[in-house]
Structures are given as C-alpha cells and as structure tokens.
Amino acid sequence: MDPFDEGAGGLLKQPKSVWATAGASVVAFMGIGLVDPILPSIAQGLNATASQVSLLFTSYFLITAVAMLVTGFVSSRIGGKKTLLLGLAFVVVFAGLAGTSGSVGELVGFRAGWGLGNALFVSTALAVIVGAAAGGSAAAILLYESALGLGMACGPLLGALLGDASWRYPFFGTAFLMAVGFLCITVFLREQPKPARKTSLLDPLKALGHGGLASAAVSAFFYNYTFFTVLAFTPFVLNMTPYKSGAVFFAWGVLLAVFSVIVAPRLQKRFGSLKVLGGSLVLLAADVLVLGYGSHTTAVVCTILSGAFIGVNNTVYTELALGVSDAPRPVASAGYNFVRWFAAAAAPYFAPKIEEWTDLHIPFVVAAVTAVAGAVVVVVRRKALTHEAEKLEPMHATEDGVTVFAN
C-alpha cells in the first residue's frame, strides 16, 4: 500500500484525531530545538556562561531519560489520551514559567519540568496515532516521522523569530501552541483502549537484557552525544544573530526531515540497515571534525549537512530498537530511550566544559570519536543486530508501540 494513496486511507486522508495529535507532535518536537538560536541571547540576558545555559538541554533530557521508565507505567493505567493531555499540561505550565525566569537556575529547573511533560507526550503520541489512523501503520508512522522532521525544522525558526525581540517570547509561544494542542486533542481524540497488560517500572530495564536491544541502545548513546554536541554547542561556535542562527538550523532541520522520511528508507532497501547506519555514523564523524576545524563558512555548511546524517541515523536506530528484540515495542522503546537520552543530557554540559578546559576544537574531536564508537558497536555486535534488522521494512515496520524523537 502506498501511504500517500488517499483512496487507501493514506497520509493525507486521516481522521481529525490523528491530525490533532500529529499537530501537537510538531510543537512538541519544536520545543527541542527552540532554544538553539537564542542560547547566546539567554546567556547575555541572564549573565550566564555557555556551560550554564547548556544546562537547559541537560536538565530537559536528563528528566526525559528517567521518565522513560515511567511513561509506559502511566499510559498503561490511565490510557493514551489522558497521558497525552497530562504531558501537554506539564509543557504548557513549565514552558510558560520558563519565560518568567529571573535566573539561569530557575530556567534550568523549569526546563526539567518541561522535559517530563514532553516525555509523557512524545512517548505516547505514535501509539495513539497508529491506533487512530486510517489505512494501517504505514501512513501513521510516516505521518509521525513527518511531524518530527517538521518540528525539528521549525523549532529553531520560531525561536529566532520570537527570540529576536526577547529570549522570553519563544517560551511563551510554545506554551500557547501547546495549549491549542491540548484543546484539539481534548475535542477530537477519543480515548484509546488500554493495554491488556499493565507495564511495570522495571519492564524497560529487563528488556535491555536482550543483546540486540542493548547493543542498539549503547550505539545510540554514543551517537546521541555527537548529535547533541551539534545541536547544543554549535550555536555558540557560530555566534550568529538569532535570525541567522535560526535559518541555519531550519535548513539543518529540513535536511533531517527529508533524509529521515525519504532517503533513509531507500538506502536501507538497497544496502541494508546496518551498512547504512555504520556508513552514516562515520560520515557524521568526519562532518563534525571538519566543522570544528574549518572556517566560519565551513562550520555553517557542516552544521546544515549534519542534518542529513542525523536524519538517516534517527530512522535506522528507531527501527532497530522497535524490531530487534521480542519485547513489546512500547517496553523496548522505553528501555532503548532510557539509555540514549543520558547522552543527550551529557553532551550539552560537557561540550562547553571541554572547551573551557582545552580549546574550541576539542569538543568536536570528542563528538567525532563518539560517532565512530557508535559505528564500532554496530560492526562488533552486527550478529546480534542482524537477525531482525534484515526483516525490517524501512519506515513501516511497526504496527504498535512507541518511539521517542525517532530519534
């Protein structure tokens, strides 16, 4: 079935409930890159250092990682719709409070609450979209991936447009948009059936006992360190106005979306998931190394280009995590994301610290090394990863379950 075939209940012909959830997903993913263009402005406005401001990412993703153990526990007890609304409510409250912050400490704390809300929402959104979509899982997953890419592209753009007037406005804007999403889901989304079996807090950790899933999680951990070095540290290196920085990361997000949704599945079909993943990780390592040592123009080009490799990696890692083990997909995804999000919390903190201890180039050397380490794990553990990876149909392998920031 062609997911774009409207007559088959494809991508463009979905119930209002699916569009409401997908629209809120766009805003949720926008929140990840929203602060990118305004990081220097926040530092200036709150008299903070780059490493202090980077804690906005660290607190956000640290809470997100821990919350992976909780989201399945919650959603299996109160249902998908209520979990979505609970997550949105957290984001509305804490994004709004972030805009009122009087110190970097307050802002970091409010971002942590925002991270909890985002974890509850995005960890449930795909399962809800799949359950409510017309035409099966293929169109639903493609719609979710499209929402992810659009959100990652538009987040920096919105941050730049609102942040040019004040660094506080992007936070208020996100709170408003999420409030609209809350109302849309309340009106249009029916409650989804609860799972037959309730998820325990330890189930995601037990799932990591599977060698293939553990290998995918460890490789993704190293990759995520590279990914979030680019996302959280590069704005300080580029040192551009919010508009220019927003434009750079908008182009980065567009490449991420295109390569995640369109290019990655075709590469997987031709070369296989593991070869594509290993090659993409090595190319990403080379890209960030050139970014760190090149001229300003080269750094801009490499930042944008990294979106292509990140888009490919996101898609392949998501499918590996959901298909490599026999654990229920929501449980497997929670365990996998629990591991990898710790790297997303670590990179924004350590990259500027490494610069303070050494020089501007070394954080990118470390990021290149971690990308290669991710590729090494794929090569060394290929037997554990190959059995199920070869069965996957790119982008359409899931029929149920949860993925988080696919990346």
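What counts, and where the lines are drawn
Residues numbered from 1 in each chain as written. Predicted model: local features only at pLDDT ≥ 70, side-chain atom pairs only at ≥ 80, totals over all residues. Heavy atoms only, no water. Helix = DSSP H or I, 4+ residues; strand = E, 2+ residues; numbered from the N terminus. Areas by Shrake-Rupley, 256 points an atom, 1.4 Å probe, with all protein chains shown as cover. Expected span 1.5 Å × (residues − 1). Buried < 20%, exposed > 50% of the residue type's maximum accessible area, 1.4 Å probe, protein only. Core = buried A, V, L, I, M, F, W, Y, C linked by side-chain atoms within 4.5 Å. Contact = heavy atoms within 4.5 Å. Axes fitted to C-alpha atoms, helices over the stretch in contact; angles between N-to-C directions. Parallel < 35°, antiparallel > 145°, perpendicular 65-115°, else oblique. Nonpolar A, V, L, I, M, F, W, Y, C, P; charged D, E, K, R; others polar. Phe/Tyr/Trp six-rings, centres within 6.5 Å; stacked < 30°, edge-to-face > 60°. Lys NZ or Arg CZ within 6 Å of the ring centre and 35° of its normal.

Student: Lay out the overall build of the chain in plain terms, naming residues and giving numbers.
Tutor: What the chain contains, in helices and strands, is 16 helices and zero strands. Element-wise, carbon and sulfur atoms account for 67% of the exposed surface of the chain, whose accessible area totals about 15,000 Å².

Student: Would you mind going over helix α15 (residues 362–380) in detail, with residue names and values included?
Tutor: When the terminal C-alpha atoms of α15 are compared, their 27 Å separation across 19 residues agrees well with the 27 Å that a helix rising 1.5 Å per residue should span. For α15, the full list of buried residues reads Pro363, Phe364, Ala367, Ala368, Thr370, Ala371, Gly374, Ala375, Val377 and Val378.

Student: Could you give me a rundown of the nonpolar core, with the residues and numbers involved?
Tutor: Of all hydrophobic cores here, the largest spans 119 residues; its most connected members are Ile42, Phe61, Phe121, Phe171, Ile185, Phe228 and Trp252. With 15 residues, the top contributor of residues to this core is helix α10 (residues 211–238). Residue contacts for isoleucine 42: discarding those within four places in its chain leaves Val53, Leu56, Leu107, Trp167 and Phe171.

Student: Before we move on, can you summarise the packing of helix α14 (residues 329–357) against α15 with the specific residues and values?
Tutor: It is the contact of α14 with α15, at a shortest axis distance of 8 Å, that shows an interaxial angle of 135°. If you check the angle between α14 and α15, you find them oblique. Side by side, α14 and α15 meet where Ala351, Ile354 and Glu355 of the first sit next to Ile362, Pro363 and Val366 of the second. The residue inventory of the contact of α14 with α15, partitioned by class, reads five nonpolar, no polar and one charged.

Student: An account of the environment of serine 54 is requested, with residue identities and associated values reported.
Tutor: Considering the arrangement of structural elements, one finds serine 54 in the loop between α3 (50–53) and α4 (55–78). Sequence-wise, serine 54 and alanine 346 are 292 residues apart; in three dimensions their C-alpha atoms are separated by 9.9 Å. Other than its neighbours up to four places away in sequence, serine 54 contacts Ala232, Phe236, Pro348 and Pro352.

Student: Would you mind going over the packing of aromatic side chains in detail, with residue names and values included?
Tutor: Throughout the structure, instances matching the rule amount to 18 aromatic pairs. Ring centres 6.4 Å apart and planes at 10° place the aromatic pair phenylalanine 57 and phenylalanine 61 in the stacked group. Taken together, the residues span about one helical turn, with phenylalanine 57 and phenylalanine 61 both in helix α4 at a distance of four residues. The pair formed by phenylalanine 57 and phenylalanine 61 is uniform in burial state, with each residue classed as buried. Over the aromatic face of phenylalanine 73 sits the side chain of arginine 77, whose NZ or CZ is 3.7 Å from the ring centroid. A cation over an aromatic ring shows up here: arginine 340 above the ring of tryptophan 341, its NZ or CZ 4.5 Å from the ring centre.

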